[in-house]
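Commentary on secondary and tertiary structure
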Amino acid sequence: GAVVSQHPSWVICKSGTSVKIECRSLDFQATTMFWYRQFPKQSLMLMATSNEGSKATYEQGVEKDKFLINHASLTLSTLTVTSAHPEDSSFYICSASSGGAWGTDTQYFGPGTRLTVL
Amino acid sequence: GDSVTQMEGPVTLSEEAFLTINCTYTATGYPSLFWYVQYPGEGLQLLLKATKADDKGSNKGFEATYRKETTSFHLEKGSVQVSDSAVYFCALSANTGFQKLVFGTGTRLLVSP
């Protein structure tokens with residue numbers, strides 16, 4: 001089946017620094033990638049949708065200047081948390097689909113990245 | 001807005017027991033419904049789905065029926081195995097053509113030998 005990887009699997013950083021998380025589709029071309037955030041004992045919340053070569057579309061309430069998303073190739077999307085603060089500590093999950101955001105293709109999920117901001 | 005409610009866990013069962021994980025939803029229109037499973041250290045995997053009322057999704061012995069009258073999509077398995085221990089997420093997609101998934105909080109299943 002389709003495999004999506006994330007790197008790093010966990011990261012600890014100091015408040016005020018920036019952190020980049022990578023999401024890669026290993027064996028298929030991902031036209032669309034999705035970024036989710038999950039707080040403990042809560043559901044996954046969609047943060048943004050990115051299409052290769054286009055600007056990401058952010059969900060209401062998500063600061064686009066704080067969570068920078070780049071989808072420069074069909075196999076790689078990155079999420080950069082800029083000037084991270086302790087409230088940004090969370091579990092970040094990406095998913096990838098070979099269909100467009102308006103298609104019905106299955107989303108394949110990465111294993112997630114645990115971010116802890118001190 | 002659209003939402004999914006699923007039972008809190010953990011659900012603890014002995015091997016070969018019957019499993020039910022409840023899931024109800026609130027949505028406008030006619031959403032597609034999904035169950036995803038997350039095994040330890042791995043990403044979410046699609047377990048089964050149903051796209052219209054009365055459809056039954058099934059996979060690996062698990063099944064769920066789309067019940068529009070009760071807005072439910074309960075997950076069932078007749079005989080669980082230790083290897084079924086995982087976190088199960090119920091989700092919906094609003095069928096507007098856009099792939100946005102709305103997830104429940106997840107239910108952890110622990111199966112003991």
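For the structure given in this document, a descriptive report is provided here.

The rules behind the values
Residues numbered from 1 in each chain as written. Chains lettered and ligands numbered in written order. Predicted model: local features only at pLDDT ≥ 70, side-chain atom pairs only at ≥ 80, totals over all residues. Heavy atoms only, no water. Helix = DSSP H or I, 4+ residues; strand = E, 2+ residues; numbered from the N terminus. Rg over C-alpha atoms; globule rule 2.2 N^0.38 Å. Buried < 20%, exposed > 50% of the residue type's maximum accessible area, 1.4 Å probe, protein only. Contact = heavy atoms within 4.5 Å. Areas by Shrake-Rupley, 256 points an atom, 1.4 Å probe, with all protein chains shown as cover. Lys, Arg positive; Asp, Glu negative; His and termini not counted. Charge placed at Lys NZ, Arg CZ, Asp CG, Glu CD. Polar contact = N/O pair within 3.5 Å; in protein donor to acceptor, adjacent residues only side chain to side chain.

Broken down by element type, chain B carries 0 helices and 12 strands. In sequence order, chain B lays out its α and β elements as β-β-β-β-β-β-β-β-β-β-β-β. Rg of the C-alpha trace for chain B: 13 Å, near the compact-globule value of 13 Å for 113 residues, within the 12% margin. Dimensions of chain B, computed from C-alpha atoms along their principal axes, come out at roughly 45 × 30 × 20 Å. Looking at chain B as a whole, 45% of its 113 residues qualify as buried. In chain B, once contacts between residues fewer than 6 apart in sequence are set aside, the share between residues at least 24 apart is 56%. Within the structure as shown, chain B displays about 5,300 Å² of accessible surface, and the carbon and sulfur contribution to it stands at 49%. Separation between the mean location of the 9 positive side-chain charges and that of the 11 negative ones in chain B comes to 7 Å.

Now for the side chain of Gln6(B). Residues and elements named next belong to chain B. Note on placement: Gln6 falls in strand E1 (residues 3–6). A relative accessible area of 6% places Gln6 in the buried class. A polar contact of 3.1 Å, which involves the side chain of Gln6, links it to the backbone nitrogen of Gly106. Engagement of the side chain of Gln6 in a polar contact is seen with the side chain of Thr107, the distance being 3.0 Å. Other than its neighbours up to four places away in sequence, Gln6 contacts Ile21, Asn22, Cys23, Trp35, Tyr88, Phe89, Cys90, Gly104, Thr105, Gly106 and Thr107.

This is a description of form; function is not addressed.
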